[in-house]
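# Overview (structure and organization)
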Protein chains: 2
Amino acid sequence: MSATNDFIEAKDDFISQWGALGTSWGISRTMAQVHALLMISPESISTDQCMEELQISRGNAHTNLKELVGWGLVRIVVKKGERKEFFEAEKDVWKVFTIVLRERKRREIDPAVELLKGCAERSKNVKSLEGQAFHKQINELQDFAIFASKVGETMSQLKYGPAIKFADKFLGLLPKDKSMK
Amino acid sequence: MSATNDFIEAKDDFISQWGALGTSWGISRTMAQVHALLMISPESISTDQCMEELQISRGNAHTNLKELVGWGLVRIVVKKGERKEFFEAEKDVWKVFTIVLRERKRREIDPAVELLKGCAERSKNVKSLEGQAFHKQINELQDFAIFASKVGETMSQLKYGPAIKFADKFLGLLPKDKSMK
DNA sequence: TCATGCTTTCAATACTTATTGAAAGTACCC
DNA sequence: GGGTACTTTCAATAAGTATTGAAAGCATGA
């Protein structure tokens, strides 16, 4: 088996399994596959190339490419002399992480904070045992949610260097060879 | 409107909306609702009470209660003189967080690390431009995934106190009134 | 042993979400 | 204007996931 065949196999495997993983990350399989394809393409690609590579319909390719643009994970590129749009992914892994973190915070934490705020407010004057327990639990959840929101906010604004230094110093962790970056 | 009515409304609202949020957290709506119900119940509850409160079938209640037990978010309680099982949730918010974090790491990060390891291995000897780009990108993703895995691992083992001190000191964040805990 | 009360399973079904493909929209050029 | 090369939308459909309810399983005690 040649290195080239290994590579083709690895590439197909990566796209297909990254897609499957996408599901557990709360994004659709196809969107994750399109993202995978773009992350490993040295050149930007067109909607037609995307359809071809992933064997999906035009509508599907279009929707997911634009959704990725919406997330800020993919940019539209216009090539001179070409009428169609090309797409290229953000390749910097830390940037990808901060973008995804910000989006997940917005979709997963912020609404929880709002909900808890409302529930805390409406239960603050309640007398019953059940009511007291409710209010206490909601308050604790709220404190945590606000805390998580702030951590997310701060992290998503951090540059790679400071983030790594931070993690290194206080968790004693480091990805190999990255301490000098 | 009495405080009691506000409370009943808040409680129903909490259960129903926590369920909706569950979806974006990658767990099923019903499982999140069951969890919500248990978190705010001062007493442990039975399968029948769960069915009653949430208006769901026995099979559904059973499956989701047991799934929560599987996660470690809910415990089975046996009451003397009672033949049926009762369920109570872990109420400590930090413990809930570390349990969920561990589970999400296991389901969302670990498989990614495995995938990337395999892809890096199979593409390390490739010569083409496309192959080189692939290998480089996979390696960067792998470094990050391993890093994230370690952060998750460490965080999920942290006790609430040290975690808060840590966050306070280096992010300048604190949930109000918690610095002395 | 059988009746009772509870737990567990699972095939059928309902609900939710993703995908297709064709039609409509838009922008550019001759 | 009209033709061409794309992009965008969306109703129909397919695929995936959750829920039901009834039947089977299991433990207890009369």
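Residues numbered from 1 in each chain as written. Chains lettered and ligands numbered in written order. Predicted model: local features only at pLDDT ≥ 70, side-chain atom pairs only at ≥ 80, totals over all residues. Heavy atoms only, no water.

### Brief notes about the protein's contact with DNA strand D
- With respect to spatial proximity, 16 residues lie near DNA strand D, and among them His62(A), Lys66(A), Glu85(A), Thr30(B) and Ser57(B) are the closest.
- Each atom of DNA strand D within 4 Å of the protein was assigned to sugar, phosphate or base; sugar and phosphate come to 67%.
- Here a phosphate oxygen of DNA strand D sits 3.3 Å away from a polar atom, N or O, in the side chain of His62(A).
- Between Glu85(A) and DNA strand D, the recorded distance is 2.9 Å, taken from a backbone N or O atom to a phosphate oxygen.
- Of all the secondary structure elements, the ones that give two or more residues to the surface near DNA strand D are helix H4 (58-71) of chain A together with helix H2 (29-39) and helix H4 (58-71) of chain B.
- Ranked by the residues each element gives to the surface near DNA strand D, the list is headed by H4(A), at four residues. (Near = heavy atom within 4 Å. Polar contact = N/O pair within 3.5 Å; in protein donor to acceptor, adjacent residues only side chain to side chain. Helix = DSSP H or I, 4+ residues; strand = E, 2+ residues; numbered from the N terminus.)

### Quick word on the relation of the copies chain A and chain B
- Between chain A and chain B, the superposition needs a rotation of 180° and an axial shift of 0.0 Å, giving an RMSD of 0.1 Å. Each copy turns onto its partner about a two-fold axis. For chain A, the residue whose C-alpha comes nearest the rotation axis is Gly26(A), separated from it by 3.1 Å.
- A shared binding surface is used by both copies, with 100% of the interface residues of chain A retained as interface residues in chain B. (Least-squares fit on C-alpha atoms with pLDDT ≥ 70 in both. Contact = heavy atoms within 4.5 Å.)

### Brief notes about the domain arrangement of chain A
All names here are of chain A.
- Per the domain assignment, the segments of chain A are domain 1 (3-89) and domain 2 (93-171).
- Just the C-alpha atoms count here: the centres of domain 1 and domain 2 sit 32 Å apart.
- Of the roughly 600 Å² buried between domain 1 and domain 2, counting both surfaces, carbon and sulfur atoms make up 68%.
- One can count zero salt bridges joining domain 1 with domain 2. (Domains from an automatic or database assignment. Buried area = accessible area lost by both parts, 1.4 Å probe. Salt bridge = Lys/Arg side-chain N within 4 Å of Asp/Glu carboxyl O.)

### A word on the protein's contact with DNA strand C
- Surrounding DNA strand C, one finds 15 residues, the nearest of these being Thr30(A), Ser57(A), His62(B), Lys66(B) and Glu85(B).
- Backbone atoms, meaning sugar and phosphate, make up 66% of the atoms of DNA strand C lying within 4 Å of the protein.
- A distance of 2.8 Å separates a phosphate oxygen of DNA strand C from a polar atom in the backbone of Ser57(A).
- At 2.9 Å, a side-chain N or O of Asn60(A) approaches a phosphate oxygen of DNA strand C.
- Ranked by the residues each element gives to the surface near DNA strand C, the list is headed by H4(B), at four residues.
- Tallied by class, residues from the surface near DNA strand C come to one nonpolar, seven polar and seven charged. (Nonpolar A, V, L, I, M, F, W, Y, C, P; charged D, E, K, R; others polar.)

### Re the packing of aromatic side chains
- A complete count under the given rule lists 16 aromatic pairs over all chains for this structure.
- Judged by centre distance (6.1 Å) and plane angle (80°), the ring pair of Phe134(A) and Phe14(B) falls under edge-to-face. Residue Phe134(A) is found in helix H6 (residues 129-157), and its partner Phe14(B) is found in helix H1 (residues 3-24); the two belong to separate chains. Across the pair, exposure class does not vary: Phe134(A) and Phe14(B) are buried alike.
- Directly above the aromatic system of Phe86(A) lies the positively charged group of Lys79(A), at a separation of 4.3 Å from the ring centroid. (Phe/Tyr/Trp six-rings, centres within 6.5 Å; stacked < 30°, edge-to-face > 60°. Buried < 20%, exposed > 50% of the residue type's maximum accessible area, 1.4 Å probe, protein only. Lys NZ or Arg CZ within 6 Å of the ring centre and 35° of its normal.)

### Examining the interface of chain A and chain B
- Each partner contributes to the interface: chain A provides 58 residues, whereas chain B provides 58 residues.
- Between chain A and chain B, the buried area comes to about 5800 Å², and carbon and sulfur atoms account for 74% of it.
- Among the residues of chain A in contact with chain B, Phe7(A), Arg122(A) and Phe147(A) are the three that bury the most area, contributing 12% of the side total.
- Counting the contacts that link chain A with chain B gives eight salt bridges.
- Across the pair Glu9(B) and Arg122(A) runs a salt bridge whose closest N-O atoms are separated by 2.9 Å.
- Inspection of the region where chain A meets chain B yields 10 residue pairs in polar contact (both at pLDDT 80 or more).
- Those elements that provide at least two residues to the side of chain A that touches chain B are helix H1 (3-24), helix H5 (93-123), H6 and helix H7 (160-171) of chain A.
- With 14 residues, the top contributor of residues to the side of chain A that touches chain B is H6(A).
- Its residues assigned to classes, the side of chain A that touches chain B comprises 34 nonpolar, nine polar and 15 charged.

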